[in-house]
Amino acid sequence: MSFFMQNSLRNILNTRILISENIKRNIFASTPLAVKEIRTVENGKDITISAEIIESERKPFLVENNSGHACPLCASGLDVKHTDVLILSQFIRSDGCMMPKRITGLCNKQQRRISSLVTMAQKSGLMPNIAPPNSKRNPQTRFGWKKFNKYFDETTIKSK
Amino acid sequence: MSTIKRVQQWATFARIWHIYDAAWQNPFESAKLLRKYLMGMHKPIYHPLNDCGDHVIVINSKDIALPGDEWKKRVYFHHTGYPGGASWTLAWELHTKDPTLVLKKAVYNSMKGNLQRRYTMERLHIFPDSNIPENIMKNVSNQLQQLRPKPTRLDSYDEKYVKEFPKIIDYPKDYILR
């Protein structure tokens, strides 16, 4: 937090104005959304490993969550199926594993549902480009029964 | 008789050739659809003794899809007639041997076991891929609609389209990209 921001915050606190919830907050005490990228630079004998804070690529395309309490997926009101790979790929890492709840920010129910949907999409071979580095990528080169097309029924997902 | 009615009458009394793309379709759901056209049950003149069935060409039968783990759960039984001649083949093993057999058996078993069944099956032409002989393809005048939409793989989308697709969540402030 910069010196100027600290000062302005103190001014607001001193004036003792009740800030209504309807007024949009324009001062943020926390850092804006950013992600770290680990960069490794090899220069002869020297290896420099640095964590660069970069602007999130998703920021301009983020869907606004206007409801104060609902999780982003509940608020969107979407009925996600296992074939909706454009949505499901937002919840996984580059090796294809599901991100934990503290990172996705979903509610219990949606987190469990999305993780089953991700498994279904991966078993169907719909996201072959997001996989571990040793993966064969092409679903048709899988072993035995796994190489044939399969689909799933979303009603088989158990939900509490 | 109006022109439309006249054409409808030709279509009813002629043998129409339909084409059906089996890619990502359940063979057992598709069999119910194909049976209707093979037996001519979609025609107003249908009668079990009336030989009014159409031809159906099925393409891409190697790309059929089964739900869940049915590829390794579904079993095909065969008995040679000799003692110890029983054999059980899993659906994925049968499909590896001949990519048209699962669909063919699905259509065959969806029909009643009467004398007409073998003749009706003669009008079903299954091809594992989309390479059809020219003399068969030239007969086709209708395409049957697929029962379930074909899913799109993530790598078939344009990279820019995936990047600019509306995002539901963003990473936390100190998330390390990997």
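What counts and what doesn't
As a convention, each chain's residues are numbered from 1 in the sequence order in which they are written. Whichever chain is written first is A, and whichever ligand is written first is 1; the rest continue in order. It should be noted that, the model being predicted, local features are given only for residues of pLDDT at least 70 and side-chain atom pairs only at 80 or more, the latter also being counted only at that level, while totals for whole chains, interfaces and linings use all residues. Based on all heavy atoms of the structure, the side-chain values leave hydrogens and waters out of the count. UniProt positions are given in the numbering used here, feature names are shortened, and annotations may be inferred rather than shown by experiment. A contact between two residues is defined here by any heavy atoms of the two lying within 4.5 Å. Two parts placed together each lose some accessible area under a 1.4 Å probe, and adding up what both lose gives the buried area. The way it works is that DSSP assigns letters per residue, a run of H or I at least four long becomes a helix, a run of E at least two long becomes a strand, and they are numbered from the N terminus. Charged means Asp, Glu, Lys or Arg here, nonpolar means Ala, Val, Leu, Ile, Met, Phe, Trp, Tyr, Cys or Pro, and polar covers whatever is left, Gly included. Should DSSP find at least two bridges between two strands, the strands are regarded as paired. Per-residue accessibility, obtained with a 1.4 Å probe over protein chains only, is compared with the maximum for each type, and a residue is labelled buried under 20%, exposed over 50%, and partly exposed between these values. The handedness of a crossover follows from its direction of travel: if, with the strands pointing away from the viewer, the path from the first strand over the helix to the second runs clockwise, the crossover is right-handed. Throughout, the arc means that of the directions going from the helix axis to the C-beta atoms. Here a cavity is any set of points on a 1 Å grid over the protein atoms alone where a 1.4 Å probe fits but cannot get out, and a pocket is any open set with protein on both sides within 12 Å along at least 5 of 7 lines; a residue lines the site when it has an atom within 4 Å of a point. Grid points are joined across faces, edges and corners, and a volume is the space filled by probe spheres set on the points. When a carboxyl oxygen of Asp or Glu is within 4 Å of a side-chain nitrogen of Lys or Arg, the pair counts as a salt bridge. Think of pLDDT as the predictor's per-residue confidence, scored from 0 to 100. Here a pair means two rings of Phe, Tyr or Trp (six-membered ring of Trp) with centres within 6.5 Å. Their orientation is stacked below 30 degrees between planes, edge-to-face above 60, and tilted elsewhere.

Chain B is annotated in an unreviewed UniProt entry as 39S ribosomal protein L13, mitochondrial from Henosepilachna vigintioctopunctata. Under the UniProt heading Sequence similarities (unreviewed entry), the entry covering chain B gives this text: "Belongs to the universal ribosomal protein uL13 family."

Named according to an unreviewed UniProt entry, chain A is Large ribosomal subunit protein mL66 originating from Henosepilachna vigintioctopunctata. In UniProt, chain A has this text filed under Sequence similarities (unreviewed entry): "Belongs to the bacterial ribosomal protein bS18 family. Mitochondrion-specific ribosomal protein mL66 subfamily." In its Subcellular location (unreviewed entry) section, UniProt records this for chain A: "Mitochondrion".

**Q** Which parts of the structure should I look at to understand the interface of chain B and chain A?
**A** How large an interface is tends to be reported as the accessible area lost when its parts come together. Taken together, the contact between chain B and chain A spans 39 residues of the former and 50 residues of the latter. Contact with chain A buries area across many residues of chain B, yet B:Leu154, B:Ile168 and B:Ile169 alone supply 18% of it, more than any other trio. Only β3 (65–67), α3 (70–73), α4 (91–97), α8 (159–163) and β8 (175–176) of chain B provide two or more residues apiece to the side of chain B that touches chain A. Broken down by class, the residue content of the side of chain B that touches chain A amounts to 21 nonpolar, five polar and 13 charged. With three bridges joining them, strand β3 (residues 149–151) of chain A and β3(B) adopt parallel strand pairing. Residue pairing across strands places A:Tyr151 opposite B:Pro67, the latter belonging to β3(B).

**Q** Would you take a moment to explain the sheet that holds strand β7 (residues 142–143) of chain B for this structure?
**A** Backbone-to-backbone hydrogen bonds pair the strands of a sheet. The strands run either parallel or antiparallel. All names here are of chain B. One open sheet holds the four strands; their spatial order is β6-β2-β1-β7, and the pairing between them is parallel. For this open sheet the edge positions go to β6 (124–126) and β7, each flanked by a neighbour on one side alone. Pairing geometry for strand β1 (residues 17–21) and strand β2 (residues 55–59), over five bridges, is parallel. Bridge pairing in β2 links Asp21 to Ile59.

**Q** Hey, could you run me through the pairing of β1(B) in this one?
**A** Among the five residues of β1(B), five are classified as buried, and the element is accordingly described as predominantly covered. The parallel pair β1(B) and β2(B) is bridged by helix α2 (residues 27–39) of chain B, and the resulting crossover is right-handed.

**Q** Would you explain helix α5 (residues 101–110) of chain B in this entry?
**A** An α-helix turns once per 3.6 residues; consequently, residues spaced three or four apart project the same way. All names here are of chain B. Every buried residue of α5 is listed here: Val102, Leu103, Ala106, Val107 and Ser110. One side of α5 carries all its buried residues, which in axial view fall inside an arc of 130 degrees. Close packing links the buried residues of α5 with α2, β2, β4 (75–79), α4, α6 (116–121) and β6.

**Q** Help me understand the layout of surface pockets in this model?
**A** Taking a probe equal in size to a water molecule and rolling it over the atoms shows the remaining empty space. Its volume calculated, the largest pocket comes out at about 790 Å³. The wall of the largest pocket is formed by 28 residues, among which A:Glu57, A:Arg58, A:Ile130, B:Val162 and B:Tyr171 lie closest to the centre. Those elements giving two or more residues to the lining of the largest pocket turn out to be β1 (34–43) and β2 (46–55) of chain A together with α8 of chain B. By residue number, the principal contributor to the lining of the largest pocket is α8(B), which donates three residues. Residues of the lining of the largest pocket, tallied by class, amount to 12 nonpolar, five polar and 11 charged.

**Q** Sorry, what's going on with the pattern of salt bridges here?
**A** It is possible for side chains bearing opposite charge to pair when their charged atoms get close. All names here are of chain B. Under the counting rule described, the total for this entry stands at 13 salt bridges over all chains. A salt bridge links Lys62 to Asp63; its shortest N-O distance comes to 3.4 Å. A salt bridge links Glu164 to Lys160; the nearest nitrogen and oxygen atoms lie 3.8 Å apart. Take Glu164: its relative accessible area is 38%, and that puts it in the partly exposed class.

**Q** Where do I start with the confidence of the model for chain A in this structure?
**A** Detailed conclusions should not be drawn from predicted coordinates in areas where pLDDT is low. Per-residue pLDDT for chain A averages 83, and the proportion of residues at 70 or more is 78%. Residue range residues 15–22 of chain A is modelled with pLDDT below 50. Its contacts to residues more than four positions away, or to other chains, number two contacts.

**Q** How should the environment of B:Thr120 be read in this particular structure?
**A** Mapping B:Thr120 onto the fold places it in helix α6. For B:Thr120, the residues in contact, after removing those within four places along its chain, are B:Leu38, B:Met39 and B:Met111.

**Q** Is there a simple way to think about the packing of aromatic side chains in this case?
**A** Within the structure shown, the criterion is met by seven aromatic pairs over all chains. With 6.1 Å between their ring centres and 70 degrees between their planes, A:Phe143 and A:Trp145 make a pair best called edge-to-face. Residue classification places A:Phe143 among the exposed residues on the basis of a relative accessible area of 58%. Judged by its relative accessible area of 23%, A:Trp145 is partly exposed. A ring pair is formed by B:Tyr157 and B:Tyr161, whose centres lie 5.7 Å apart and whose planes are at 25 degrees; its orientation type is stacked. Taking the relative accessible area as the measure of exposure, B:Tyr157 reaches 26% and is therefore partly exposed.

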